[in-house]
Amino acid sequence: MDALDRVVKPKTKRAKRFLEKREPKLKENTKNAMLIKGGNANLTVTEVLKDIYAVKKPFAVLYKKKNITRPFEDQTSLEFFSKKSDCSLFLFGSHNKKRPNNLIIGRMFDYHVLDMIELGIEKFVSLKDVKNSKCPEGTKPMLIFAGDMFDVNEEYRRLKSLLIDFFRGPSVPSIRLAGLEYVLHFTAVDGKIYMRSYKVLLKKSGCKIPRIELEEMGPSLDLVMRRTHLASDDLYKLSLKQPKALKPKKKKNISHDVFGTTYGRIHMQKQDLGKLQTRKMKGLRKRPAEKSAEDGGLSPKKPKSA
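Predicted, not measured: the structure shown is a model, and the values here were computed from it. (Residues numbered from 1 in each chain as written. Predicted model: local features only at pLDDT ≥ 70, side-chain atom pairs only at ≥ 80, totals over all residues. Heavy atoms only, no water.)

## A short note on helix α3 (residues 76-85)
Right, so step 1: Listed in full, the buried residues belonging to α3 are Leu 78, Glu 79, Phe 81, Ser 82 and Ser 85. The buried residues of α3 occupy an angular sector of 160 degrees when projected down its axis, which confines them to one face.
Right, so step 2: At the C-terminal side of α3, Asp 86 shows a positive phi close to 55 degrees. (Buried < 20%, exposed > 50% of the residue type's maximum accessible area, 1.4 Å probe, protein only. Helix = DSSP H or I, 4+ residues; strand = E, 2+ residues; numbered from the N terminus. Arc of directions from axis to C-beta.)

Here you go:
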């Protein structure tokens, strides 16, 4: 039995808190990513991993030592590091004559590789090369995808889902305008994927809504897709399954339209409109002649006063 598969009983409070963090939860923690250098990573791949780590901080772990492994041939070392660092996302960088400047981006399900896509770096501009101001650490990016390939091709569609998982950051209940300051733009055209990052500048416009300008910040990557390892449809559906406690309970007679407006249906007994109470107005009062006609022409006599 593997040492990590054994049931470990905590001996200290710190160890107990550590194990409680790793227990399954209804609402999972923010996904962490591990960035690993291959045994023959060159300077370009190393700089790419450092820049992606700077973008992902604090939800990332950067392994500085080289690891001799080939994810498409053997995935055991990746699964070991995933358990060790509690990371469900990974980015592996390597370089060789057959596949120069190589990146492998992937994600785990139950500490086993689910999806894995190999990308080749054709052009790279690092954070250091762009001399503009940077966004603070931990800024949640806005993700934009352009190109029909992300909707038409299954491999590109899975890559889009993988990139969203990798860069989305923590889930937040609300946002403010000043917090929207970082944009990651992915474009798929002519068999290439262009990754660009921008800082959002809010300028004065003379009205309530500010004028928006984009300033290139780095890193910038021109990528080409190489090999893919995609999960089967059944396993992919299983990984997307939500626990019953998170599914919203259906409420009777309540519906929503495409804009999110809530509509309710009320069931009532049939009303007799003849007995409907209207507003009392002097002009609507019945005359004595009308009252007597309704009573059959007989009006009670008033007693004479003594």
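## Re the pattern of salt bridges
Right, so step 1: In this structure the tally under the stated criterion is 14 salt bridges.
Right, so step 2: With a closest N to O distance of 3.7 Å, Glu 73 and Arg 227 form a salt bridge. Of this pair, Glu 73 sits in the loop between β2 (60-67) and α3 while Arg 227 sits in strand β10 (residues 220-229); the two residues are 154 residues apart in sequence, bridging distant segments of the chain.
Right, so step 3: Since its relative accessible area comes to 55%, Glu 73 is described here as exposed.
Right, so step 4: For Asp 222, the salt bridge identified is with Arg 196, shortest N-O distance 2.8 Å. (Salt bridge = Lys/Arg side-chain N within 4 Å of Asp/Glu carboxyl O.)

## Focus on the UniProt feature "domain: Brix" (unreviewed entry) in the protein chain
Right, so step 1: Mapped onto this numbering, the UniProt entry annotates "domain: Brix" (unreviewed entry) at residues 31-234.
Right, so step 2: As annotated, residues 31-234 has a helix share of 22% and a strand share of 41%, and its two end C-alpha atoms lie 22 Å apart. (UniProt positions renumbered as here; feature names shortened; annotations may be inferred.)

## A closer look at a nonpolar patch on the surface
Right, so step 1: On the surface, Leu 177, Leu 202, Ile 212 and Leu 214 cluster together to form a nonpolar patch covering roughly 380 Å² of accessible area.
Right, so step 2: Turning to its location among the elements, Ile 212 is positioned in strand β9 (residues 211-216).
Right, so step 3: We classify Ile 212 as exposed; its relative accessible area is 55%. (Patch = residues over 30% accessible without salt bridge, like charges linked within 9 Å, V, L, I, M, F, W, Y side chains within 5 Å. Areas by Shrake-Rupley, 256 points an atom, 1.4 Å probe, with all protein chains shown as cover.)

## Considering a positive patch on the surface
Right, so step 1: Judged by side-chain charge, Lys 13, Arg 14, Lys 16, Arg 17 and Lys 21 come together as a positively charged surface patch.
Right, so step 2: Tracing the backbone shows Lys 13 in helix α1 (residues 13-22). (Lys, Arg positive; Asp, Glu negative; His and termini not counted. Charge placed at Lys NZ, Arg CZ, Asp CG, Glu CD.)

## Describing the environment of Gly 206
Right, so step 1: Here Gly 206 lies in the loop between β8 (192-203) and β9.
Right, so step 2: For Gly 206, a relative accessible area of 84% corresponds to the exposed category.
Right, so step 3: Sequence separation of Gly 206 and Lys 282 is 76 residues, and the distance between their C-alpha atoms is 57 Å.

## Thoughts on the nonpolar core
Right, so step 1: Ranked by size, the top nonpolar core spans 34 residues in total, and within it Ile 52, Leu 91, Ile 105, Leu 119, Leu 159, Phe 166 and Phe 167 carry the most contacts.
Right, so step 2: A per-element tally of this core places helix α5 (residues 154-167) first, with six residues.
Right, so step 3: Core analysis: the next-biggest nonpolar cluster, separate from the first, contains twelve residues, Tyr 63, Phe 81, Ile 104 and Val 113 among them. (Core = buried A, V, L, I, M, F, W, Y, C linked by side-chain atoms within 4.5 Å.)

## Let's talk about the packing of aromatic side chains
Geometrically, a pair of aromatic rings is defined through the distance of the ring centres and the angle of the planes.
Right, so step 1: Tallied over the full model, the rule gives seven aromatic pairs.
Right, so step 2: Measuring from centroid to centroid gives 5.0 Å for Tyr 63 and Phe 81, while their planes differ by 50 degrees, and the two rings are tilted. Separated by 18 residues along the polypeptide, Tyr 63 in strand β2 and Phe 81 in helix α3 bring together distant segments of the chain. Each member of the pair Tyr 63 and Phe 81 is classed as buried.
Right, so step 3: Considering the side-chain rings of Phe 167 and Phe 186, the 6.0 Å spacing of their centres and the 40 degrees angle between planes classify their relative orientation as tilted. Here Phe 186 lies in strand β7 (residues 182-189) and Phe 167 lies in helix α5, a separation of 19 residues in the sequence. Each member of the pair, Phe 167 together with Phe 186, is buried.
Right, so step 4: An aromatic cluster of three or more residues is present, and its members are Phe 145, Phe 150, Tyr 156, Phe 166, Phe 167 and Phe 186. (Phe/Tyr/Trp six-rings, centres within 6.5 Å; stacked < 30°, edge-to-face > 60°.)

## Focus on helix α2 (residues 43-56)
Right, so step 1: Here α2 is 14 residues long and its end C-alpha atoms lie 20 Å apart, about the 20 Å a rise of 1.5 Å per residue gives.
Right, so step 2: For α2, the set of buried residues is Val 45, Thr 46, Glu 47, Val 48, Leu 49, Asp 51, Ile 52, Val 55 and Lys 56. (Expected span 1.5 Å × (residues − 1).)

## Quick word on the side chain of Lys 199
Right, so step 1: Counting through the fold element by element, Lys 199 comes out in strand β8.
Right, so step 2: Within the buried set, Lys 199 has no salt-bridge partner at all; the shortest N-O distance to an opposite charge, 5.0 Å, is to Glu 181.
Right, so step 3: There is a polar contact of 3.1 Å between the side chain of Lys 199 and the side chain of Ser 133.
Right, so step 4: Excluding residues within four positions of it along the chain, Lys 199 makes contact with Ser 133, Lys 134, Cys 135, Glu 181, Glu 213, Leu 214, Glu 215 and Met 217. (Polar contact = N/O pair within 3.5 Å; in protein donor to acceptor, adjacent residues only side chain to side chain. Contact = heavy atoms within 4.5 Å.)

## Some points on unusual backbone geometry
Right, so step 1: Across the junction of Lys 57 and Pro 58, the peptide omega takes the value 5 degrees, indicating a cis bond.
Right, so step 2: You can see Pro 58 is positioned in the loop between α2 and β2.
Right, so step 3: We note that Asp 86 has phi near 55 degrees; this positive angle belongs to a residue other than glycine.
Right, so step 4: Overall, the relative accessible area of 27% leaves Asp 86 in the partly exposed class.
Right, so step 5: Unlike most non-glycine residues, Asp 110 shows phi in positive territory, near 60 degrees.
Right, so step 6: Along the chain, Asp 110 turns up in the loop between β4 (102-109) and β5 (112-125).
Right, so step 7: Asp 110 sits in the exposed class, given a relative accessible area of 59%.

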